Each structure stands twice: as C-alpha cells, then as structure tokens.
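Residues per chain are reported as follows:
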Amino acid sequence: GGYLRYPTITATTIRSDAGSLTIGPAAGDAISGSFALTIGGAGDILLVRRYNIGGAALVKNGTGRLVLGPGATNATSGNVTVAAGAFEVNGSLAT
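The paragraphs below set out a description of the structure included in this document.

Each value, and the rule that gives it
- Residues numbered from 1 in each chain as written.
- Predicted model: local features only at pLDDT ≥ 70, side-chain atom pairs only at ≥ 80, totals over all residues.
- Heavy atoms only, no water.
- Buried < 20%, exposed > 50% of the residue type's maximum accessible area, 1.4 Å probe, protein only.
- Helix = DSSP H or I, 4+ residues; strand = E, 2+ residues; numbered from the N terminus.
- Pairing = 2+ DSSP bridges.
- Axes fitted to C-alpha atoms, helices over the stretch in contact; angles between N-to-C directions.

Looking at the pairing of strand β6 (residues 44-47)
Side chains of β6 alternate between two faces, with Ile-45 and Leu-47 buried and Asp-44 and Leu-46 left unburied. Pairing geometry for strand β3 (residues 20-23) and β6, over four bridges, is parallel. Of the residues in β6, the one forming a bridge with Ile-23 is Leu-47.

Concerning the sheet that holds strand β11 (residues 80-82)
If you trace the four strands from one edge of the open sheet to the other, you get β2-β5-β8-β11, paired in parallel fashion. If you trace the sheet from one side to the other, it starts and ends with β2 (13-15) and β11, each paired once. Recorded for the sheet is a direction-independent mean angle of 10° between the axes of neighbouring strands. In this sheet, strand β8 (residues 58-60) lies alongside strand β5 (residues 37-40) in parallel orientation, the contact comprising three bridges. Within β8, the position partnered with Leu-37 by the bridge is Leu-58.

Printed below as a string of structure tokens:
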C-alpha cells in the first residue's frame, strides 16, 4: 500500500497494478477538476477525501476496487461507468 499526497490531481488516468493505493491529502479534495477520470488496474484505490470532477465522466476498469472513503461527499454530474472490478461508496455520491 502507499499514500499519495497532492491537494489536486490533474491526471486523467490513475492505476494501481497491485496492492493498494490510498489518495488522501491533508486538506481539500483528493481529486478535483473538469476532466474525464479513469480508475483502473488490478490493485485497489481508496480515495480518503472527496472527489469532484464536475460534469466529466468517471470510468472504473481493471479487476481492482475503487473505494470512495467514509464521510466524503463525492460529486459528479457526469456518467459513472463500472466496466470491471468493484466500486464502493462509503460516504455519498451526488450526481
């Protein structure tokens, strides 16, 4: 497992090929911006803080899990597609 600390991630693809990747900045959103976001890989990805990508699409692929952390109010008004793997919401997801 690992920890990636950034106030804002601007990449369009995040992968964890094995194990787990936790994205949890000290403050602010884990991911924010207006871009389509693809989460994939065989490993798990945990977003500890809120993600907010506006009207852009969120796509989950790969065999791993994407977990939206507890207590986070996550927001997207775009499409959410789970093409493969698992998608867990341990907070809320406003669309």
